[in-house]
Amino acid sequence: LPRMQSSGSKPCPCPSFKLREVASMYFTMIAVFLVILVVALQGSAPRGSDFPYKVPLDPQGLLELSWNVSYPEQVVHFQLLLRDLRFGLLFGMSDRGEFENADLAVLWSDGHNSYFGDAWSDAQGQLHMDSQQDYQLLGARRAPEGLYLLFRRAFSTCDPKDYLIEDGTVHLIYGILEKPVHSLQAINISALHRGLQRVQLLKPNITVPELPSDMKTMEITAPNVVIPSQETTYWCYMIELPGDFPKHHIIMYEPVITAGNEALVHHMEVFQCAAEFDSFPHYNGPCDSKMKPDRLNYCRHVLAAWAMGAQAFYYPKEAGLAFGGPGSSRYLRLEIHYHNPLVFKGRHDSSGIRLYYTATLRRYDAGIMELGLVYTPVMAIPPGEDAFILTGYCTDKCSRLALPAAGIRIFASQLHTHLAGRKVVTVLSRDGREQQVVNADGHYSPHFQEIRMLKELVAVFPGDELITTCTYNTEDRSRATVGGFGILEEMCVNYVHYYPQTQLELCKSAVDPGYLHRYFNLVNRFNDEEVCTCPQVSVPQQFFSVPWNSFNRDVLKSLYGFAPISMHCNKSSAVRFP
């Protein structure tokens, strides 16, 4: 192709793009690769409305990704804004954010010409041109704010070197080339300025409900906080509603991010405090500070949750989340996770969440129900496991007791584990047969938790079962990981958002403790080492003393698979259904 000149009078300051074809011999067959095909044009940036989803990739905000999803075509369109283009970049996806075994789109320059191609990295991090070019470059455009790169990628390409784009979390990776390279193979991944960003790429195609004319807003924001100069901070701030605040329905919420801090505000949650306490102390400081009053731990009822890349959250037109009025606490806790890897100093922040609410109550109150495993040490994961599975049940007996005859409708879900969690899935079962997946995340990260709207309502009827399965990796741990509230303990939870609200707030299980006691006795009989199973020793201590040979691991897996369960079918007051 002839090199195209830019339409403006000023020459394009970036290297020119040109088309190049490379033929490669594979045994006796010849495959033609499309390596680069685009001209950098000056002009205005593409319309933002074409790309409704946006996230900064790097902490400085030099790389900004926008995208849209076409479900009919099964493709994602990407728009990358490079504010400070050096000699190219790598952008792509991998299982958990590694640069090895990654699926990449690469833009690189040798100082004279620029090239674009679909590549992959092997287990050593060496780059290879892909024989099947599935990142399709659609255009490049220079604007005052930087270079826009436009390309597309199908969800599934049937290429074994490509990442399968699925529902749930996607680990995006990027690397910036600081100097020219003469070929793709010459790029040294380990020497790049690089990082990762987690997003939900496949957003649901939700119809935005009509909002009422009497809708009001309430901004729950941090009071000009100075972001601490450390990589990770959880900041807590208490808010008190007016004393005579009547019952309202929250019908949507959205993030409020202080300009310039888009890359630092990682996620935010608003919790309502427990109604049994008349008052809560005011607090504004780090959540892990010794100065934080213990009573703030009783503010755990999630009203809103946002994570980087998420948009506004809408409740279905039939339902709203009740807050205010009798039986509802006036105290709310805002929690913000600041991710500051470049350790910026003196950054001020007033980010938070804007609630949209109405006094015209909708037909149904929305409810939140906990599914999965009870927080108990009887559920444990041995050390050194790459994919250990635990499952929690909401049984047919519980749903038969607690759900109305017309059933409930689940419209959103928030998955939750601690640091060892790698996958989470909840399935709906009816009459012993799996009906549908409620929510699944095959690349789940405990560092990226948000309430996700489901693509379609899930109807749950009396007698149905909801089965939540979590997969854990403990390869970096030397002793057993038990269930519990601590960050090094584990959880397996799906907070499902549904309507109409019922009395059922918790529908979870754990292994029967009596059968676990039999397990410890068996371990004692079959092992030389003494495992103390005395009643005065706690369950965690018994797990810590187990020698984790293959026999003890396999028997524990079998126990969790086949032993009877202890079922928790609880009302909101923690009273169990009979």
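Going by an unreviewed UniProt entry, the protein chain carries the name Dopamine beta-hydroxylase and comes from Cepphus grylle. Taken directly from UniProt, the Subunit (unreviewed entry) text for the protein chain runs: "Homotetramer; composed of two disulfide-linked dimers." If you open the UniProt record of the protein chain and go to Function (unreviewed entry), you find "Catalyzes the hydroxylation of dopamine to noradrenaline (also known as norepinephrine), and is thus vital for regulation of these neurotransmitters."

**Here's the deal with the pairing of strand β31 (residues 388-394)**
Extensive coverage of β31 is indicated by the burial of 5 of its 7 residues. Here β31 pairs with strand β36 (residues 465-472) via 7 bridges, running antiparallel. Paired with Cys 394 across the two strands is Leu 466, which belongs to β36.

**Examining the sheet that holds strand β34 (residues 433-441)**
The sheet built from 4 strands is open, its strands ordered β31-β36-β33-β34 with antiparallel pairing. At either margin of the open sheet sits one strand with a lone partner, and together these are β31 and β34. Shown here is a sheet whose adjacent strand axes are inclined to one another by a mean of 20°, direction ignored. Sheet topology places strand β33 (residues 421-430) next to β36; 8 bridges connect them, and they run antiparallel. Note that in β36 the partner of Lys 423 across the bridge is Thr 471.

**Concerning the pairing of strand β7 (residues 75-82)**
Strand residues, when the strand is regular, have side chains that alternate between the two faces of the sheet. Of all 8 residues in β7, 8 are buried, a share of seventy percent or more. Here β7 shows a buried face lined by Val 75, His 77, Gln 79 and Leu 81 and a second buried face lined by Val 76, Phe 78, Leu 80 and Leu 82. Where strand β6 (residues 63-70) meets β7, 8 bridges bridge the pair, whose relative direction is antiparallel. Bridged to Val 69 within β7 is Val 76. In textbook terms, the turn of a hairpin is the stretch between consecutive antiparallel strands, and for β6 and β7 this stretch comprises 4 residues, one of which, Gln 74, has a positive phi near 60°. Pairing analysis gives 8 bridges linking β7 to strand β13 (residues 146-154), with the strands arranged antiparallel. Residue pairing in the sheet places Val 76 in a bridge with Arg 153 of β13.

**Examining the state of the cysteines**
Tallied over the full model, the rule gives 5 disulfides. Covalently, Cys 236 is tied to Cys 287 through a disulfide, its sulfur atoms 2.1 Å apart. Looking along the S-S bond of the Cys 236-Cys 287 disulfide, the torsion reads about 110°, which is the right-handed sense. Note that Cys 236 is positioned in strand β18 (residues 232-240) and Cys 287 in the loop between β21 (284-286) and β22 (301-307), a separation of 51 residues in sequence. Disulfide pairing is shown between Cys 394 and Cys 507; the S-S distance is 2.0 Å. With the S-S bond torsion at 90°, the cross-link from Cys 394 to Cys 507 turns out right-handed. Of this pair, Cys 394 sits in strand β31 while Cys 507 sits in strand β39 (residues 504-511), and the two are 113 residues apart along the sequence.

**Comments concerning the sheet that holds β22**
Spatially, β21-β18-β25-β20-β22 is the arrangement adopted by the 5 strands of the open sheet, whose pairing is antiparallel. Each edge of the open sheet is held by one strand with a lone partner, namely β21 and β22. For this sheet the average axis-to-axis angle between neighbouring strands, irrespective of direction, equals 15°. In terms of strand pairing, strand β20 (residues 265-272) meets strand β25 (residues 331-339) through 7 bridges, oriented antiparallel. Residue pairing in the sheet places Gln 272 in a bridge with Leu 332 of β25.

**Regarding helix α4 (residues 550-562)**
Taking 1.5 Å of rise per residue, 13 residues should cover 18 Å, and α4 covers 18 Å from first to last C-alpha, within 8% of that figure. Against β30 (380-381), β31, β39, α2 (513-526) and α3 (539-544) lie the buried residues of α4. The distance from a side-chain oxygen at the start of α4 to the backbone nitrogen of Phe 551 is 3.2 Å, and the residue carrying that oxygen is Asn 549.

**Some details on α2**
Here α2 is 14 residues long and its end C-alpha atoms lie 20 Å apart, about the 20 Å a rise of 1.5 Å per residue gives. If you check which residues of α2 are buried, you get Leu 516, Tyr 519, Phe 520 and Val 523. Viewed end-on, α2 has its buried residues packed into an arc of 95°, placing them on one side of the element. Those residues of α2 that are exposed and angled more than 90 degrees off the buried face are Arg 518 and Arg 525. The inward-facing, buried residues of α2 abut β39, α3 and α4. At the N-terminal boundary of α2, the capping side chain belongs to Asp 512, with an oxygen 2.8 Å from the backbone nitrogen of Gly 514.

**Brief notes about the nonpolar core**
Counting residues in each nonpolar core, the largest one holds 83 residues, and the members touching the most others are Trp 67 and Leu 149. In contact with Leu 149, other than residues within four places in its own chain, are Phe 78, Gln 79, Leu 80, Leu 82, Leu 89, Leu 107, Phe 116, Leu 137, Gly 139 and Ala 140. Core analysis: the next-biggest nonpolar cluster, separate from the first, contains 30 residues, Leu 373, Tyr 444, Phe 543 and Tyr 560 among them.

**Quick word on a nonpolar patch on the surface**
Among the surface-exposed residues, Leu 419, Ile 487 and Leu 488 lie close enough to one another that they form a single nonpolar patch of about 280 Å² accessible area. Positionally, Ile 487 belongs in the loop between β37 (481-482) and β38 (493-499).

**Points about the pattern of salt bridges**
For the structure on display, the rule yields 18 salt bridges. Here Lys 508 and Glu 370 are joined by a salt bridge, their closest N and O atoms 2.7 Å apart. You can see Lys 508 sitting in strand β39 and its partner Glu 370 sitting in strand β29 (residues 367-373), a full 138 residues away along the chain. In terms of burial, Lys 508 and Glu 370 fall into one category: buried. It is possible to trace a salt-bridge network through shared partners that takes in Lys 54, Glu 64 and Arg 83.

**Some thoughts on the packing of aromatic side chains**
Tallied over the full model, the rule gives 24 aromatic pairs. Through successive ring pairs, a cluster of aromatic residues spans Tyr 253, Phe 313, Tyr 315, Tyr 364, Phe 411 and Tyr 499. Its guanidinium or amino end placed over the ring of Phe 544, Arg 479 lies 3.7 Å from that ring's centre, counting from NZ or CZ.

**Overview of the confidence of the model for the protein chain**
Confidence in the prediction of the protein chain, expressed as mean pLDDT, is 88, and 90% of residues score 70 or more. Overall, residues 1-46 carries pLDDT values under 50, and its contacts beyond four positions in sequence, including any with other chains, amount to 101 contacts.

**Topic: the environment of Ala 191**
Locating Ala 191 in the fold gives a position in the loop between β14 (169-176) and β15 (193-200). According to the relative accessible area criterion, Ala 191 is exposed, its value standing at 58%.

Analysis parameters
Residues numbered from 1 in each chain as written. Predicted model: local features only at pLDDT ≥ 70, side-chain atom pairs only at ≥ 80, totals over all residues. Heavy atoms only, no water. UniProt positions renumbered as here; feature names shortened; annotations may be inferred. Buried < 20%, exposed > 50% of the residue type's maximum accessible area, 1.4 Å probe, protein only. Helix = DSSP H or I, 4+ residues; strand = E, 2+ residues; numbered from the N terminus. Pairing = 2+ DSSP bridges. Axes fitted to C-alpha atoms, helices over the stretch in contact; angles between N-to-C directions. Disulfide = S-S within 2.5 Å. Expected span 1.5 Å × (residues − 1). Contact = heavy atoms within 4.5 Å. Polar contact = N/O pair within 3.5 Å; in protein donor to acceptor, adjacent residues only side chain to side chain. Arc of directions from axis to C-beta. Core = buried A, V, L, I, M, F, W, Y, C linked by side-chain atoms within 4.5 Å. Patch = residues over 30% accessible without salt bridge, like charges linked within 9 Å, V, L, I, M, F, W, Y side chains within 5 Å. Areas by Shrake-Rupley, 256 points an atom, 1.4 Å probe, with all protein chains shown as cover. Salt bridge = Lys/Arg side-chain N within 4 Å of Asp/Glu carboxyl O. Phe/Tyr/Trp six-rings, centres within 6.5 Å; stacked < 30°, edge-to-face > 60°. Lys NZ or Arg CZ within 6 Å of the ring centre and 35° of its normal. pLDDT = per-residue confidence, 0-100.

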